[in-house]
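Residues per chain are reported as follows:
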Amino acid sequence: MKVKVGINGYGTIGKRVAYAVSKQDDMELIGVTKTKPDFEAYRAKELGIPVYAASEDFLPRFEKAGFEVAGTLNDLLEKVDVIVDATPGGMGAKNKALYEKAGVKAIFEGGEKASTAEVSFVAQANYEKALGKDYVRVVSCNTTGLTRTLSALQKYIDYVYAVMIRRAADPNDSRRGPVNAITPSVTVPSHHGPDVQTVIPINIETSAFVVPTTLMHVHSVMIELKKPITEKDVIEVFENTTRVLLFEKEKGFDSTAQLIEFARDLHREWNNLYEIAVWKESISVRGNRLFYIQAVHQESDVVPENVDAIRAMFELADKWESIKKTNRSLGILK
Ligand SMILES: NC(=O)C1=CN([C@@H]2O[C@H](COP(=O)(O)OP(=O)(O)OC[C@H]3O[C@@H](n4cnc5c(N)ncnc54)[C@H](O)[C@@H]3O)[C@@H](O)[C@H]2O)C=CC1
Ligand SMILES: O=C(OP(=O)(O)O)[C@H](O)COP(=O)(O)O
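- Going by the annotation in an unreviewed UniProt entry, the name recorded for the protein chain is Glyceraldehyde-3-phosphate dehydrogenase, with Thermococcus pacificus given as the source organism.
- Taken directly from UniProt, the Subunit (unreviewed entry) text for the protein chain runs: "Homotetramer."
- According to UniProt, the comment filed for the protein chain under the heading Pathway (unreviewed entry) is "Carbohydrate degradation; glycolysis; pyruvate from D-glyceraldehyde 3-phosphate: step 1/5."

If you want it as structure tokens, here you go:
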């Protein structure tokens, strides 16, 4: 059986999840919704993806442009087993009633509150919790990044403090720019720590800043250790952690710019870097404190999580079978 998947909200995350779903042999991409017939809608059509109007209200825009849609969101919901809601943050909670009415399972993204879904999800940390569930939230890019590395170190953690240096906008988002400022989240701790706690039970606080860059987020992580671990051990843990890669400044990875260039050199679609990038030299143990610095490609790290969430919701595979299958299909290095 192939799970029939629809995508509501074909933006930064939605189009990448659509691509990833189309790469799975146990899933079928049935269609995507658009609010307007822009270049992304035309490109989807060229790729053979059925395009639906996000609601009846948007139909006149498509009619005016002579863009033939396959129907509206309600028509799409009749054809799918699961809908991935990748609409702007907060909209998913409002859409949930439509999904419930249609009897369709739904995945929500990190812009939604944890209470929107039955479980907040990062595959390698809590895949089993999503088995058979109807509503799953794939947590935000930052929460996914923190959870990937912290879950690998969980047994050593007494307390975590992390500083989140967040990109101001995605590369295609000219509405939020130009920017020339650093914006602190003045509510300390920022929402990221509590959000990690929706996935793994650790003691964590975060503070956050938005800076004028579009490429990636960077996290400076400090862990107070419950039991000793050496730098060599931490390197070994990360070497053996899926969807986490070590990068060396020594080899020219000075900044997020070279990490993105690396993804380009791999000929990754949209220069996606699905893996969390940890700077190897930044891993430092001083007394009972462990420090490291990592970067998160906000546009893509949650994409494999959406695929695994679908598998868990339909109980198509166990955790490692799903993670390995997703990794292979997207060229994730380990
Ligand atoms: N961009 C990022 O860095 C990340 C975003 N997320 C989360 O993913 C979700 C989607 O974010 P993005 O893809 O960045 O947003 P986006 O703005 O790039 O895409 C949202 C898409 O939804 C469309 N849309 C607007 N109103 C709609 C409606 N009523 N019905 C259907 N579609 C509608 C927009 O036209 C756009 O194509 C949010 O919850 C966000 O917090 C999660 C991880 C990273
Ligand atoms: O949705 C996101 O960014 P955005 O709300 O700035 O577009 C990213 O997932 C980052 O979100 P977070 O900083 O709340 O983890």
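**Regarding the overall build of the protein chain**
Phase 1: Along the protein chain, the regular secondary structure elements total twelve helices and 15 strands.
Phase 2: Once the C-alpha set of the protein chain is aligned to its principal axes, its extents read approximately 65 × 45 × 40 Å.
Phase 3: Split into buried and exposed, the 334 residues of the protein chain put 54% on the buried side.
Phase 4: A sequence separation of at least 24 residues applies to 71% of the contacts in the protein chain between residues at least 6 apart.
Phase 5: As displayed, the protein chain has an accessible area near 14,900 Å², and 51% of this comes from carbon and sulfur atoms.
Phase 6: Positive and negative side-chain charges of the protein chain, numbering 43 and 45 respectively, have mean locations separated by a distance of 1 Å.

**A word on the packing of helix α1 (residues 12-22) against helix α11 (residues 303-313)**
Phase 1: With their axes 9 Å apart at the nearest point, α1 and α11 run at an angle of 55 degrees to one another. Taken together, α1 and α11 sit at an angle that is classed as oblique. Where α1 crosses over α11, the handedness of that crossing is right-handed. Residues R16, V17, A20 and V21 of α1 lie in contact with α11, whose contacting residues are V303, N306, V307 and I310.
Phase 2: Among the residues making up the contact of α1 with α11, the classes are represented as six nonpolar, one polar and one charged.

**Examining helix α12 (residues 319-330)**
Phase 1: The end-to-end C-alpha separation of α12 is 17 Å, in line with the 16 Å expected for twelve residues at 1.5 Å each.
Phase 2: For α12, the set of buried residues is K319, S322, I323, T326, N327 and L330. On an axial view of α12, the arc spanned by its buried residues comes to 130 degrees, and they lie on one face. More than 90 degrees from the buried face of α12, the exposed residues found are K324 and R328.
Phase 3: Residues of α12 that are buried make contact with α1, α6 (123-126) and α11.
Phase 4: Among the residues trailing α12, G331 stands out with phi positive, at a value near 70 degrees.

**As for the site of ligand 2**
Phase 1: Surveying the vicinity of ligand 2 reveals the residues S140, C141, N142, R166, R167, R176, H191, H192 and H217.
Phase 2: Side-chain polar atom of R167 to an oxygen atom of ligand 2: 3.2 Å apart, as the coordinates give it.
Phase 3: Residue R176 places a side-chain N or O atom 2.9 Å away from an oxygen atom belonging to ligand 2.
Phase 4: Relative to its unbound accessible surface of 380 Å², ligand 2 loses 71% to contact with the protein.
Phase 5: Broken down by secondary-structure element, the contributors of at least two residues to the shell around ligand 2 are α7 (141-152) and β8 (157-167).

**Side note on the packing of α11 against α12**
Phase 1: Look at α11 against α12: their axes get within 10 Å of each other, and the N-to-C directions meet at 135 degrees. In this view, α11 runs oblique relative to α12, as classed from their interaxial angle. As for how α11 packs across α12, the hand of that crossing is right-handed. Of the residues in α12, those in contact with V303, P304, V307, D308 and R311 of α11 are S322, I323, K325, T326 and L330.
Phase 2: The class makeup of the residues in the contact of α11 with α12 is five nonpolar, two polar and three charged.

**Structural notes on α1**
Phase 1: The buried fraction of α1 amounts to nine of the eleven residues, a majority that puts the element mostly inside the structure.
Phase 2: All of the buried residues along α1 are T12, I13, G14, K15, R16, V17, A18, A20 and V21.
Phase 3: Buried-residue contacts for α1 involve β1 (3-8), β2 (27-34), α2 (39-46), β4 (82-85), α11 and α12.

**Description of the site of ligand 1**
Phase 1: Taken together, 20 residues lie near ligand 1, and T12, I13, G111, R167 and D170 sit nearest.
Phase 2: At 2.9 Å, a side-chain N or O of T12 approaches an oxygen atom of ligand 1.
Phase 3: For ligand 1, whose free accessible area comes to 830 Å², the fraction covered by protein is 80%.
Phase 4: The residue inventory of the shell around ligand 1, partitioned by class, reads seven nonpolar, ten polar and three charged.
Phase 5: Here the shell around ligand 1 spans two domains, and each of domain 1 (3-139 + 302-330) and domain 2 (141-296) adds at least three residues to it.

**Examining the environment of N327**
Phase 1: As for its position among the elements, N327 is in helix α12.
Phase 2: Residue contacts for N327: discarding those within four places in its chain leaves T242, R243, I332 and K334.

**Description of the domain arrangement of the protein chain**
Phase 1: You can read the domains of the protein chain as domain 1 (3-139 + 302-330) and domain 2 (141-296).
Phase 2: The centre of domain 1, based on its C-alpha atoms, is set 26 Å off from the matching centre of domain 2.
Phase 3: Taken residue by residue, the interface counts 24 residues in domain 1 and 20 residues in domain 2.
Phase 4: Summed over the shared surface of domain 1 and domain 2, the result is four salt bridges.

Calculation rules
- Residues numbered from 1 in each chain as written.
- Chains lettered and ligands numbered in written order.
- Predicted model: local features only at pLDDT ≥ 70, side-chain atom pairs only at ≥ 80, totals over all residues.
- Heavy atoms only, no water.
- UniProt positions renumbered as here; feature names shortened; annotations may be inferred.
- Helix = DSSP H or I, 4+ residues; strand = E, 2+ residues; numbered from the N terminus.
- Buried < 20%, exposed > 50% of the residue type's maximum accessible area, 1.4 Å probe, protein only.
- Contact = heavy atoms within 4.5 Å.
- Areas by Shrake-Rupley, 256 points an atom, 1.4 Å probe, with all protein chains shown as cover.
- Lys, Arg positive; Asp, Glu negative; His and termini not counted.
- Charge placed at Lys NZ, Arg CZ, Asp CG, Glu CD.
- Axes fitted to C-alpha atoms, helices over the stretch in contact; angles between N-to-C directions.
- Parallel < 35°, antiparallel > 145°, perpendicular 65-115°, else oblique.
- Left-handed = near helix turned anticlockwise from the far one by under 90°.
- Nonpolar A, V, L, I, M, F, W, Y, C, P; charged D, E, K, R; others polar.
- Expected span 1.5 Å × (residues − 1).
- Arc of directions from axis to C-beta.
- Near = heavy atom within 4 Å.
- Polar contact = N/O pair within 3.5 Å; in protein donor to acceptor, adjacent residues only side chain to side chain.
- Domains from an automatic or database assignment.
- Salt bridge = Lys/Arg side-chain N within 4 Å of Asp/Glu carboxyl O.

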